[in-house]
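# Chains, contacts and geometry: an overview
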Amino acid sequence: MAIKKLFLFLIVFLVVFTVLFSVFGRSGWLVNRSLEASLEILVRQEEEKRLEVEALRQRRQALESQSYADDVALSLGYNRQGDVVYYFQEPDVIEMTPSSEKEEVKITVYEGTDTWILALCALGAAVVVSLLVAIVSNRSHHPSQLKEKQRDEYENLSW
């Protein structure tokens, strides 16, 4: 019976440790979910940067064209010869555009729990289960067996 309890202890320890390690370990499910979430954030940031670079390239190409230079000159008040210029009484108002500063997203990755901590938790669970089994097995004796033991002890007493 003691060997069965020892095997039960080992099996419970191994099962609980395996489950804890696969969920909370350094390469467990929680770590992988955390890495997936941070990867999604990084991919999104990379796509945003790629779009910004493409927009800057298009703007640079537009700056190099003659029509853009003409538009800038016209907006500054210059005109070409032969153009009809209209003057308005309203002063020019510069509209402030909201700044495009973006907050940097701080990426935190769950690194997992140390193996020795998981082993201690599994050991504690195995001890608790073993104690419960021992208590239940001691109480599960038939009352007739207990009465026989008590009767034998009573008869062995020297009066």
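To be clear, the structure that these remarks concern was listed above.
Read on for a plain summary of the structure. The model shown is predicted, which means the values in this text are computed figures rather than measured ones.

The number of helices and strands found in the protein chain is 5 helices and 0 strands. Written out in order from the N terminus, the α and β elements of the protein chain read α-α-α-α-α. Here the analysis covers contacts within the protein chain between residues at least 6 apart in sequence; of these, 83% occur between residues at least 24 apart. Total accessible area on the protein chain is roughly 14600 Å²; 60% of this is exposed by carbon and sulfur atoms.

Our focus in this paragraph is the pattern of salt bridges. Counting across every chain of the model gives 5 salt bridges. The salt bridge partner of Glu 47 is Arg 50, with a shortest N-O separation of 3.2 Å. Here Glu 47 pairs with Arg 50, and both are found in helix α2 (residues 29-64), just 3 residues apart, close to one helical turn. Given the relative accessible area of 36%, Glu 47 is considered partly exposed. Accessibility expressed as a relative area gives 47% for Arg 50, which makes it partly exposed. In this structure, the salt-bridge partner of Arg 57 is Glu 54, at a minimum N-O distance of 3.9 Å. Here Arg 57 and its partner Glu 54 are both found in helix α2, 3 residues apart, which amounts to about one turn of the helix. Here the salt bridges share partners, and the residues they tie into one network are Glu 46, Glu 47 and Arg 50.

Summed over all chains, the structure comprises 2 aromatic pairs. A ring pair is formed by Phe 13 and Phe 17, whose centres lie 6.1 Å apart and whose planes are at 10°; its orientation type is stacked. In this pair, Phe 13 and Phe 17 are both assigned in helix α1 (residues 2-24), 4 residues apart and thus about one turn of the helix distant. Ring pairing ties together the aromatic residues Phe 13, Phe 17 and Phe 21, which thus form one cluster.

Where α1 contacts helix α4 (residues 115-139), the two axes come as close as 8 Å, and the packing angle between them is 145°. α1 and α4 meet at a crossing whose hand is right-handed. Considered class by class, the residues forming the contact of α1 with α4 number 20 nonpolar, 3 polar and 1 charged.

A cluster of nonpolar side chains, contributed by Ile 3, Leu 6, Phe 7, Leu 10, Ile 11, Val 15 and Val 19, occupies part of the molecular surface with about 670 Å² of accessible area. Tracing the backbone shows Ile 3 in helix α1.

Procedures and definitions
Residues numbered from 1 in each chain as written. Predicted model: local features only at pLDDT ≥ 70, side-chain atom pairs only at ≥ 80, totals over all residues. Heavy atoms only, no water. Helix = DSSP H or I, 4+ residues; strand = E, 2+ residues; numbered from the N terminus. Contact = heavy atoms within 4.5 Å. Areas by Shrake-Rupley, 256 points an atom, 1.4 Å probe, with all protein chains shown as cover. Salt bridge = Lys/Arg side-chain N within 4 Å of Asp/Glu carboxyl O. Buried < 20%, exposed > 50% of the residue type's maximum accessible area, 1.4 Å probe, protein only. Phe/Tyr/Trp six-rings, centres within 6.5 Å; stacked < 30°, edge-to-face > 60°. Axes fitted to C-alpha atoms, helices over the stretch in contact; angles between N-to-C directions. Left-handed = near helix turned anticlockwise from the far one by under 90°. Nonpolar A, V, L, I, M, F, W, Y, C, P; charged D, E, K, R; others polar. Patch = residues over 30% accessible without salt bridge, like charges linked within 9 Å, V, L, I, M, F, W, Y side chains within 5 Å.

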